[in-house]
Amino acid sequence: MKKIILLTIICTFLSCKGQTEQKVITSFEFLSEEVLKTKPKEELRLLRNEIFARKGYVFKSEDLNIYFKTKTWYTPDANVKVTLSDEEQSYIDKIKNIESQFTLKGNKNCLYYFGLNNSGFFPLTNDKLLRNKYSTGLEKIKLEDLHEVVEGNLCGGGSVWDIMYYEGVKYQLLFYSCDSDNLYMKMAVIKNDVIKEFIQLYGSSTALNGDSVTGGYHDISFKLDRNNLEVYKVFKILDKENMTEKNRYPVKEVRREITKYKLTENGILEL
């Protein structure tokens, strides 16, 4: 009798052990934001839903069920109640944010995609753009047909590139010259093909508001990092202590104002 009981216990133990081993799945890797931004939209969707799949979730989208059924670790359970840890929820939110930047109606001729394929392009600054390091590549994605409102803000000529556009909002970068050698850059915010806002990113500010090199002036610059934008308004004055024959008008920074924006699918948001 004792042998039968012992045998039963051993069989039960082995049976439980086998069930446990069947539930063991490979570990999940949380990819960094830098790596995620290099992934296509289709792959981001799979990465986001893999968290649910590893918990046995049965998807409403049949294509996801078909895909995850090809994975040896996927054990679908229609009764499972999925709970997410803070780390998992944060990871999903991060992927969703990146996914939202891909609703571009199939148009990949924009600075966002150009930056993904050109190392060091982001963050984009006025200095980097003015040095024309990427002029050949940018020439290929420069807009040919300019929106009439945008064209009217180029002093008769200039260049325009799509930064990115969502389903209802488009962002464009305008680079042009006015008043002989003065250079300007603006960002246009377009909703349903109508200009809603212009933001000045760069300008020859000595021609603005009566500013002058000797009396002090505002220098304007910017930094665009995918969908994050910073605009800098820097007040400078003549640095008389460091004047030389070769450098008769040295300047120094007195103060700096920074305005931060986010380019969202609902319009530009000031942070």
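Scroll up to find the structure this text is about.
Cut-offs and rules
- For every chain, the first residue of its written sequence is number 1, and the numbers climb from 1 along that sequence.
- This being a predicted model, a pLDDT of at least 70 is required before a residue's local features are given, and a value of 80 or more before pairs of side-chain atoms are given or counted; all residues contribute to the totals for chains, interfaces and linings.
- Hydrogens and water molecules were not included; the side-chain quantities draw on all heavy atoms of the structure.
- Numbering of helices and strands runs from the N terminus; a helix is a DSSP stretch of H or I covering at least four residues, while a strand is a stretch of E covering at least two.
- Throughout this description, buried means an accessible area under 20% of the type-specific maximum (1.4 Å probe, protein chains only), exposed means over 50%, and partly exposed covers the range between.
- Note on contacts: a residue pair qualifies if any of its non-hydrogen atoms lie within 4.5 Å across the two residues.
- All accessibility values rest on the Shrake-Rupley procedure with a 1.4 Å probe; residue burial counts only the protein chains present in the view.
- Positive residues here are Lys and Arg, negative ones are Asp and Glu, while His and the chain termini are left out of the count.
- A carboxyl oxygen of Asp or Glu within 4 Å of a side-chain nitrogen of Lys or Arg is what we treat as a salt bridge.
- Two N or O atoms form a polar contact when they lie within 3.5 Å of each other; inside protein one atom must be a possible hydrogen donor and the other a possible acceptor, and for residues adjacent in sequence the pair counts only when both atoms belong to side chains.
- At least two bridges found by DSSP between two strands is the condition for calling them paired.
- To get an axis, a line is fitted to the C-alpha atoms, and for a helix only the part in contact is used. The angle between two axes follows their N-to-C directions and goes from 0 to 180 degrees.
- Note on angle classes: values under 35 degrees are labelled roughly parallel, values over 145 roughly antiparallel, values of 65 to 115 roughly perpendicular, and the remainder oblique.
- By definition, any crossing whose near helix is turned counterclockwise from its far helix by less than a right angle is left-handed, and any crossing with a clockwise turn is right-handed.
- Each residue gets one label: Ala, Val, Leu, Ile, Met, Phe, Trp, Tyr, Cys and Pro are nonpolar, Asp, Glu, Lys and Arg are charged, and the others, such as Gly, are polar.
- By nonpolar core we mean a set of buried residues, namely Ala, Val, Leu, Ile, Met, Phe, Trp, Tyr and Cys, connected to one another through side-chain atoms within 4.5 Å.

**Details of the overall build of the protein chain**
Reasoning step 1: Within the protein chain, the secondary structure is distributed over nine helices and nine strands.
Reasoning step 2: When the 271 residues of the protein chain are sorted by exposure, 37% land in the buried category.
Reasoning step 3: Taking the intrachain contacts of the protein chain between residues at least 6 apart in sequence as the baseline, contacts between residues at least 24 apart amount to 42%.
Reasoning step 4: Accessible surface, the protein chain as shown: approximately 16800 Å² in total, 49% of it carbon and sulfur.

**Describing the side chain of Lys128**
Reasoning step 1: Residue position: Lys128 is located in helix H7 (residues 126–130).
Reasoning step 2: At 8.8 Å, Asp225 is the nearest oppositely charged side chain to Lys128, a buried residue that forms no salt bridge.
Reasoning step 3: A distance of 2.6 Å separates a polar side-chain atom of Lys128 from the backbone oxygen of Gly120.

**With respect to the pairing of strand S6 (residues 217–225)**
Reasoning step 1: Taken together, the two bridges between strand S1 (residues 124–125) and S6 define a ladder with antiparallel strand orientation. Within S6, the position partnered with Leu124 by the bridge is Leu224.
Reasoning step 2: As paired elements, S6 and strand S7 (residues 228–238) share nine bridges and run antiparallel to each other. Bridge pairing links His218 to Phe235 in S7.
Reasoning step 3: Hairpin connection from S6 to S7: two residues lie between these consecutive antiparallel strands, with Arg226 at a positive phi of about 60 degrees.

**Observations regarding unusual backbone geometry**
Reasoning step 1: With an omega of 0 degrees, the peptide bond between Phe122 and Pro123 qualifies as cis.
Reasoning step 2: Even without a glycine there, the phi angle at Arg226 is positive, about 60 degrees.
Reasoning step 3: Note that Arg226 resides in the loop between S6 and S7.

**As for the packing of helix H3 (residues 41–53) against helix H5 (residues 86–99)**
Reasoning step 1: Running from N to C, H3 and H5 cross one another at 165 degrees; their axes reach a closest spacing of 10 Å. Viewed along their axes, H3 and H5 adopt a mutual orientation that is roughly antiparallel. Classified by chirality, the crossing of H5 by H3 is left-handed. Side by side, H3 and H5 meet where Lys41, Leu44, Arg45, Leu47, Arg48, Ile51 and Phe52 of the first sit next to Glu88, Tyr91, Ile92, Ile95, Lys96, Ile98 and Glu99 of the second.
Reasoning step 2: Of the residues assigned to the contact of H3 with H5, the class counts are eight nonpolar, no polar and six charged.

**Observations regarding the side chain of Asn65**
Reasoning step 1: By secondary structure assignment, the location of Asn65 is in helix H4 (residues 62–68).
Reasoning step 2: Beyond its immediate stretch of four places on either side in the chain, Asn65 contacts Val58, Phe59 and Tyr74.

**A few points about the nonpolar core**
The tendency in soluble globular proteins is for nonpolar side chains to be buried side by side.
Reasoning step 1: Within the largest apolar cluster, 34 residues are counted, with the highest numbers of intra-cluster contacts made by Tyr171, Met187 and Leu229.
Reasoning step 2: Not counting chain neighbours up to four residues away, the residues in contact with Met187 comprise Ile163, Tyr171, Gln172, Glu197, Phe198, Ile199, Leu201, Leu229, Leu263 and Ile268.
Reasoning step 3: If you look at the next biggest cluster of nonpolar residues, it comprises ten residues, including Leu154, Val160, Tyr184 and Ala188.

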